[in-house]
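As a plain string of letters, each chain reads:
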Amino acid sequence: MSENAGKVSAPVTESVAATQLRRLSAWRAFEIVLWVAAFAAIFLLPSHMLVLTEIAIVALFAISLDLILGYAGIVSLGHGAFFGLGAYAAGIFAKHIYAEPVTGLFVAAAASGIFGFATSFLVLRGSDLTRLMTTLGIALMLAEVANQMAWLTGGADGLSGVMVGPILGLFEFDLWGKTGYIYCLFVLFILTCLARRLVNAPFGLSLKAIKGNPVRAAMVGVPSRRRIVAIYTVAAVYAGIAGALLTHTTSFVSIDVLAFHRSADVLLVLVLGGVGYLYGGIIGAIVFTLLRDWLSVITPQYWMFWIGLVLVIIVVVGRENLGRWHTFLPNSLQERLARVVNWRLGMKLRGEQ
């Protein structure tokens, strides 16, 4: 009797798990609205193409970090190394070998992916503090290598003379940045869909298990080391592609792409947008870029102070409490707000009846 019960329960458990995975993979309304707005911006905001292009690149870079931070729990202070390596790989390839940008994306992805795979074994060692110092050290060493190899990278003067050809041999980059934005947006959309598929699959769920309790994950048979190496390599590929997009849209690579502030800024983007659900990187990129541009116009000398203040408020107040802003109002105002909400809800219900 117990054997039959076991045979029956196994398929039931599998069907429940499959249903949950399909539910996680289902598109939500806010995702559709976000992508429709992003593509509609091509026609509605023709004078803001350069800012929108920057948002798309930063968003992809933030998604790459979220793959290891939000899902595997790996904190990195040197993620900009993969971004910079991809930027240089795309620039050198376009300058000396082949100027077609999509091919350059694959070259940048391969270069960053190989470097990410080679350095992932260092990340496996030690605690979070050790990982922080290791990733930071790797980024600093790579930046110094790029600075010393001036014959190849241009050193402190940057890699100039990068001539990027038409996309797929068909679409020329224009001065207004429209082609560049469409190009970056399509790459961001495709890679976000792939990442979304990855994190909502059993692979992604196993990463969350490793992040939550690596000892328990190992006890149930999850190969933690291989999973971390795999996601670290994928994140490096994504970051390298983001760096390549920057090179293709600016036709220039400077040593700044390997600077420490790149890694710090992308961490700040994830703090603003949220960690562990991919779209936090996109939302954070929008908020960070627009806030930085607005503050730099209003207070050119102190814009970093205000961004730091926003970060402190988020940390002190808590992201979940920001959604409950009305609880900080005086009791009298809370009661009036509740009456207004209840009155509108009652009017809506009466109208439906």
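Our subject is the structure that appears above.
Every chain is numbered independently, its residues counted from 1 as its sequence is written. The predicted origin of the model limits local features to residues at a pLDDT of at least 70 and limits the giving and counting of side-chain atom pairs to 80 or more, whereas totals for whole chains, interfaces and linings rest on all residues. Calculated side-chain values reflect all of the structure's heavy atoms, with hydrogen atoms and water omitted.

1. Structural notes on the overall build of the chain
Heads up, the condition is: Strands here mean DSSP runs of E at least two residues long; helices mean DSSP runs of H or I at least four residues long; both are numbered from the N terminus. Working definition: with a 1.4 Å probe on protein chains only, accessible area under 20% of the residue-type maximum means buried, over 50% means exposed, and in between means partly exposed. Here, Shrake-Rupley sampling with a 1.4 Å probe gives the accessible areas, and only protein chains in the shown set may cover a residue.
Regarding its fold elements, the chain presents 16 helices and zero strands. The burial tally for the chain puts 41% of its 353 residues in the buried class. Summed over its atoms, the accessible surface of the chain is roughly 19200 Å², and 69% of this surface lies on carbon and sulfur atoms.

2. Re a nonpolar patch on the surface
Keep this limit in mind: Exposure above 30% relative accessible area and the absence of a salt bridge qualify a residue for a patch, where like charges join within 9 Å and nonpolar side chains (Val, Leu, Ile, Met, Phe, Trp, Tyr) within 5 Å. Should a side-chain nitrogen of Lys or Arg be within 4 Å of a carboxyl oxygen of Asp or Glu, the pair is scored as a salt bridge.
Taken together, the side chains of Tyr 302, Phe 305, Trp 306, Leu 309 and Ile 313 present a nonpolar region at the surface, about 510 Å² in accessible area. With respect to the secondary-structure elements, Leu 309 resides in helix α14 (residues 303–317). Taking relative accessible area as the criterion, Leu 309 reaches 34% and is therefore assigned partly exposed.

3. Looking at the side chain of Ser 112
Going by this rule: By the criterion applied in these results, polar contacts are pairs of N or O atoms within 3.5 Å in which, for protein atoms, one can donate a hydrogen and the other can accept it, and in which residues neighboring in sequence qualify only through two side-chain atoms. Here, residues are in contact when the closest pair of their heavy atoms is within 4.5 Å.
Among the structural elements, Ser 112 can be located in helix α5 (residues 101–123). There is a polar contact of 3.1 Å between the side chain of Ser 112 and the backbone oxygen of Phe 82. Aside from chain neighbours lying at most four places away, what touches Ser 112 is Phe 82, Leu 85, Gly 86, Ala 236 and Gly 240.

4. Focus on unusual backbone geometry
If a residue is not glycine, its phi is most likely negative; likewise, a peptide bond is most likely trans. Phi is positive for Leu 168, which is not a glycine, with a value near 60°. Mapping Leu 168 onto the fold places it in the loop between α7 (150–153) and α8 (178–199). Exposure remark for Leu 168: the relative accessible area of 54% places this residue in the exposed category. Its identity as a non-glycine residue notwithstanding, Leu 278 has a phi of 60°, on the positive side. Inspection of the secondary structure assignment puts Leu 278 in the loop between α12 (260–273) and α13 (279–298).

5. Topic: the pattern of salt bridges
The tally for this structure, following the rule as stated, stands at five salt bridges. Ionic pairing is found between Glu 54 and Arg 292, a salt bridge with its closest N-O pair at 2.2 Å. Taken together, the positions of Glu 54 in helix α3 (residues 49–69) and Arg 292 in helix α13 put the pair 238 residues apart, joining distant regions of the chain. Owing to a relative accessible area of 28%, Glu 54 belongs among the partly exposed residues under this scheme. For Arg 292, a relative accessible area of 18% puts it in the buried group. Where Arg 262 meets Asp 256, a salt bridge forms, and the shortest distance between an N and an O atom there is 3.0 Å. Judged by its relative accessible area of 22%, Arg 262 falls in the partly exposed class. With a relative accessible area of 30%, Asp 256 lands in the partly exposed category. Look at the salt bridges and you will find they share partners, linking Arg 28, Glu 31 and Arg 196 into a network.

6. A short note on the nonpolar core
Threshold: For our purposes a nonpolar core is just a set of buried Ala, Val, Leu, Ile, Met, Phe, Trp, Tyr and Cys residues, chained together by side-chain atoms within 4.5 Å.
In terms of nonpolar packing, the biggest core is built from 90 residues, with Leu 60, Leu 67, Tyr 181, Val 187, Leu 245 and Val 257 touching the most fellow members. With 14 residues, the top contributor of residues to this core is α3. Discounting chain neighbours no more than four positions away, the residues touching Tyr 181 are Ala 38, Ala 41, Ile 42, Met 49, Leu 52 and Thr 53.

7. Considerations on the packing of aromatic side chains
Our working definition: For Phe, Tyr and Trp, where Trp contributes only its six-membered ring, two rings pair if their centres lie within 6.5 Å, and the inter-plane angle classes them as stacked under 30 degrees, edge-to-face over 60, or tilted in between.
Under the definition given, this model contains eleven aromatic pairs. Ring geometry for Phe 39 and Phe 189: centres 6.0 Å apart, planes at 80°, overall edge-to-face. Residue Phe 39 is located in helix α2 (residues 29–44), and its partner Phe 189 is located in helix α8; the two are separated by 150 residues in the primary sequence. A relative accessible area of 26% places Phe 189 in the partly exposed class. A network of ring pairs unites the aromatic residues Phe 30, Trp 35, Phe 39, Phe 186, Phe 189 and Tyr 279 as a single cluster.

8. Here we look at α5
Under the convention used in this document: Helix span, as expected, comes to 1.5 Å for every residue beyond the first. One fitted axis covers the seven residues ending at a residue, a second covers the seven starting there, and the bend at that residue is the angle between these axes.
In a regular helix each residue adds 1.5 Å, so 23 residues correspond to 33 Å; α5 covers 31 Å between its end C-alpha atoms and thus fits that length. At Phe 117, α5 is deflected by roughly 30°, the largest bend along its length. Every buried residue of α5 is accounted for by Pro 101, Gly 104, Leu 105, Ala 108, Ala 109, Ser 112, Gly 113, Gly 116, Thr 119, Ser 120 and Val 123. In this fold, the buried residues of α5 make contact with α4 (80–96), α6 (128–148), α8 and α11 (224–250). In this structure Glu 100 caps α5, since a side-chain oxygen of it lies 3.1 Å from the backbone nitrogen of Val 102.

9. Structural notes on the packing of α8 against α11
The following threshold applies: Each axis is a line fitted through C-alpha atoms, and for a helix only the stretch in contact is used; angles between axes span 0 to 180 degrees, taken between their N-to-C directions. Roughly parallel means an angle under 35 degrees; roughly antiparallel means over 145; roughly perpendicular covers 65 to 115; every other angle is labelled oblique. Residue polarity is assigned by list, with Asp, Glu, Lys and Arg as charged and Ala, Val, Leu, Ile, Met, Phe, Trp, Tyr, Cys and Pro as nonpolar; anything else, Gly included, falls into the polar class.
Look at α8 against α11: their axes get within 10 Å of each other, and the N-to-C directions meet at 175°. By the angle between their axes, α8 is roughly antiparallel relative to α11. Between α8 and α11, the contacting residues are Gly 180, Tyr 183, Cys 184, Val 187, Leu 191, Leu 194, Ala 195 and Leu 198 on the first element and Ile 231, Val 234, Tyr 238, Ile 241, Leu 245, His 248 and Thr 249 on the second. Across the contact of α8 with α11, the residue classes tally to twelve nonpolar, three polar and no charged.

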